[in-house]
Amino acid sequence: MAKFNTPSLANSAPNTETAQWRDYLELTKPKVVAMLLLTAMVGMCLAVPSLPPAHAVILGLLGIGMQSAAAAVFNHVIDQRIDRQMQRTIHRPVAKGRVGTSQALAFGGLLMVAGFALLWVLNALVAWLTFASLIGYAVVYTVWLKHATPQNIVIGGLAGAMPPLLGWVAVTGTLDPHALLLVMLIFTWTPPHFWALAIHREKDYAKAGVPMLPVTHGVEFTKTMILLYTLLLVVVGLLPWLAGMSGLIYLFGSLALNLGFAWYAWQLKFHDRKGLAWQTFKYSIWHVFGLFVALLADHAWRAIG
Ligand code: HEM
Ligand SMILES: CC(C)=CCC/C(C)=C/CC/C(C)=C/COP(=O)(O)OP(=O)(O)O
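We now turn to the structure provided with this report. Quantities reported herein were computed from a predicted structural model and do not represent experimental measurements.

1. Side note on the site of ligand 1
The local shell around ligand 1 holds 19 residues, among which Arg 88, Gly 160, Thr 190, His 193 and Leu 197 are the closest. In the model, an oxygen atom of ligand 1 is placed 3.1 Å from a nitrogen or oxygen of the Arg 88 side chain. One of the side-chain nitrogen or oxygen atoms of His 193 is found 3.1 Å away from a nitrogen atom of ligand 1. Looking at the shell around ligand 1, the elements that each hand over two or more residues are α2 (30-46), α8 (152-161), α10 (177-200) and α16 (276-304). Counting residues per element, the shell around ligand 1 draws most heavily on α10, which supplies 6 residues. Residues of the shell around ligand 1, tallied by class, amount to 12 nonpolar, 5 polar and 2 charged.

Put into structure tokens, the structure is as follows:
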């Protein structure tokens, strides 16, 4: 039985370089947070028949963005030891010692408190649900699940899937089953998104002792799971249309994107070639972007039509 690492805050990296503002930006995982904010904005727009109120959009996006960024900063602090062991993450600011643990914690703490306060102005439910997502990613996933089970990203993926619901609640102050359909879309998308990358970076994860699926169950099994999840995504992708929440623009857009993802997964399983896992991962990012743009375009069309 392979021995897997548990996280530790020990910072053995020498602090030889000075931190720049870019290091602090990098700590917030800006591209991931930008995508989370797109999904949150779609949740806000779909929550109401026409346009959501401007103050809810501004405060909501700022608050959800700051809390997501704070979660990403805490993830860098907690993961610094394994980040130093993986090629992909070795140059990260905390792992390299350009930003110290206490500076990063102070930065993350500031973002967390400011984000919570902004959301609190809107309503208590969105403030607490967003905070729960932060804890879900920074503590439950990063500290525990990531090192405990190869299902880590399936369960932990729930935190990253929450922003459309958070956006919805920012605007309405209440939970709605339709918002859960949007969460389900990202929840089903996350395993093939991540496992494609994990196949590409399998050696990194094995070296760092992180029990990701390709390390514990092998690459072939992981490819099968990627294919199954993309097929499930084709079905889950129909739900917003079946529930009457979205129309034909979304239906055809999502079918094309989801079948495209399933095609990548099929190729990966049965006709793999060099670099295909990485291409599948890159496709997943354009895919989730396209899916949420399709939801938005469909909603706008129905609102003006
Ligand atoms: C537990 C859930 C998730 C895991 C484990 C995960 C994992 C990862 C990893 C490891 C990377 C880095 C790839 C690299 O360094 O090149 C990445 C990139 C990315 N992920 Fe995810 N992800 C998750 C959820 C999400 C969600 C919910 C979104 C947005 C809807 C998202 C959007 C992105 C984007 C946009 C990138 C590219 C970032 C860049 O190029 O800097 N991810 N993901
Ligand atoms: C408030 C709220 C919505 C919080 C969610 C915040 C958030 C940044 C979610 C994205 C998930 C993500 C990038 C996981 C990768 O972590 P990893 O540690 O497996 O990847 P890494 O090795 O690249 O750090």
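Picking up after the structure, the text goes on.
2. Some words on the site of ligand 2
Lys 29, Arg 88, Arg 92, Tyr 141 and Lys 146 are the nearest of the 16 residues found near ligand 2. Interatomic distance of 2.6 Å between a side-chain N/O atom of Tyr 141 and an oxygen atom of ligand 2. Computed on the free molecule, ligand 2 has an accessible area of 630 Å², of which 88% lies beneath the protein chains in the complex. When residues of the shell around ligand 2 are assigned to their parent elements, the largest contribution, 6 residues, is made by helix α7 (residues 124-148). For the shell around ligand 2, the residue count by class is 7 nonpolar, 4 polar and 5 charged.

3. Digging into the packing of aromatic side chains
Two descriptors summarise a pair of aromatic rings, namely the distance from one centre to the other and the angle between the planes of the rings. Within this structure, the stated rule accounts for 15 aromatic pairs. Plain terms: the ring middles of Trp 128 and Phe 131 are 6.1 Å apart, the flat faces sit at 75° to each other, and that makes the pair edge-to-face. Placement of both Trp 128 and Phe 131 in helix α7 is noted, with a separation of 3 residues, approximately one turn of the helix. Judged by its relative accessible area of 25%, Phe 131 is partly exposed. Linked through ring pairs, Phe 116, Trp 120, Trp 128 and Phe 131 together constitute an aromatic cluster.

4. Considering the coordination of the iron atom of ligand 1
With respect to protein ligation, the iron atom of ligand 1 binds only His 193 (NE2), at 2.2 Å. Mapped onto the elements of the fold, His 193 is located in helix α10.

5. Some points on the packing of helix α9 (residues 163-172) against α10
With their axes 7 Å apart at the nearest point, α9 and α10 run at an angle of 155° to one another. Here α10 runs roughly antiparallel to α9, going by the angle between their axes. Between α9 and α10, the contacting residues are Pro 164, Leu 165 and Trp 168 on the first element and His 178, Ala 179, Leu 180, Leu 182, Val 183 and Ile 186 on the second. Residues of the contact of α9 with α10, tallied by class, amount to 8 nonpolar, 1 polar and no charged.

6. Some thoughts on the nonpolar core
Core analysis: the largest hydrophobic core is formed by 69 residues, its most contacted members being Phe 194, Trp 195, Phe 292 and Leu 295. With 13 residues, α10 is the single largest residue contributor to this core. Those residues within four positions of Phe 292 in sequence are excluded, and the remaining contacts are Leu 38, Thr 39, Val 42, Pro 164, Leu 182 and Ile 186. Judged by nonpolar contacts, the second largest core, of 13 residues, contains Val 73, Phe 74, Leu 134 and Ala 138.

7. A few points about a nonpolar patch on the surface
Residues Ile 135, Val 139, Val 140, Val 143 and Trp 144 make up a contiguous nonpolar surface patch of about 400 Å² in total accessible area. If you trace the backbone, Val 139 turns up in helix α7.

8. Regarding the side chain of Asn 258
Along the chain, Asn 258 turns up in helix α15 (residues 248-270). Classification of Asn 258 by relative accessible area gives buried; the value is 1%. Residues in contact with Asn 258, not counting those within four places in the same chain, are Leu 233, Val 234, Gly 237, His 287 and Leu 291.

9. What about α9?
Within α9, 9 of the 10 residues are buried, which leaves the element mostly enclosed by the surrounding structure. Phi turns positive, to about 80°, at Gly 173, one or two residues after α9.

10. Looking at the environment of Leu 227
Its place among the elements puts Leu 227 in helix α13 (residues 219-236). If we skip the residues at most four places from it in the chain, Leu 227 touches Ala 262, Ala 265, Trp 266, Lys 269 and Phe 270.

11. Here we look at the environment of Ala 265
Mapped onto the elements of the fold, Ala 265 is located in helix α15. The sequence separation of Ala 265 and Lys 223 amounts to 42 residues, and the corresponding C-alpha distance is 7.2 Å. Among all residues touching Ala 265, those that are not within four sequence positions of it are Ile 226, Leu 227 and Thr 230.

Thresholds, definitions, all that
Residue numbers here run from 1 along each chain, matching the order of that chain's written sequence. Each chain takes a letter, starting from A, and each ligand takes a number, starting from 1, following the order in which they are written. This being a predicted model, a pLDDT of at least 70 is required before a residue's local features are given, and a value of 80 or more before pairs of side-chain atoms are given or counted; all residues contribute to the totals for chains, interfaces and linings. Working from all heavy atoms in the structure, the side-chain values ignore hydrogens and water. One heavy atom within 4 Å of a molecule or strand is enough for the residue carrying it to be called near that molecule or strand. Under the rule applied, a polar contact is a pair of N or O atoms within 3.5 Å (in protein, one hydrogen donor and one hydrogen acceptor; residues adjacent in sequence only if both atoms are side-chain atoms). Helix and strand assignments follow DSSP, with helices taken as H or I runs no shorter than four residues and strands as E runs no shorter than two, numbered in order from the N terminus. Three residue categories are used. Nonpolar comprises Ala, Val, Leu, Ile, Met, Phe, Trp, Tyr, Cys and Pro, charged comprises Asp, Glu, Lys and Arg, and polar comprises the others, including Gly. With residues, only the protein chains shown are counted as cover, and all accessible areas are computed by Shrake-Rupley using a 1.4 Å probe. Pairing of aromatic rings covers Phe, Tyr and the six-membered ring of Trp, with a centre-to-centre limit of 6.5 Å; geometry is then stacked below 30 degrees between planes, edge-to-face above 60, and tilted otherwise. Using a 1.4 Å probe on the protein chains alone, a residue whose accessible area is under 20% of its type maximum counts as buried, one over 50% counts as exposed, and one in between counts as partly exposed. Any N, O or S atom lying within 2.8 Å of the metal counts as a donor, with the limit raised to 3.2 Å for Na, K and Ca; because water is left out of the atom set, some sites can appear incomplete. Here an angle of 0 to 180 degrees is reported between the N-to-C directions of two axes, which are lines fitted to C-alpha atoms, with helices fitted over the stretch in contact. For classification, angles of less than 35 degrees are called roughly parallel, those exceeding 145 degrees roughly antiparallel, those between 65 and 115 degrees roughly perpendicular, and all remaining angles oblique. Any two residues whose heavy atoms approach within 4.5 Å are treated as being in contact. The definition of a nonpolar core used throughout is a set of buried Ala, Val, Leu, Ile, Met, Phe, Trp, Tyr and Cys residues joined through side-chain atoms within 4.5 Å. Each patch groups residues whose relative accessible area exceeds 30% and which form no salt bridge, using 9 Å between like charges and 5 Å between nonpolar side chains of Val, Leu, Ile, Met, Phe, Trp and Tyr. Salt-bridge detection follows one rule: a side-chain nitrogen of Lys or Arg within 4 Å of a carboxyl oxygen of Asp or Glu.

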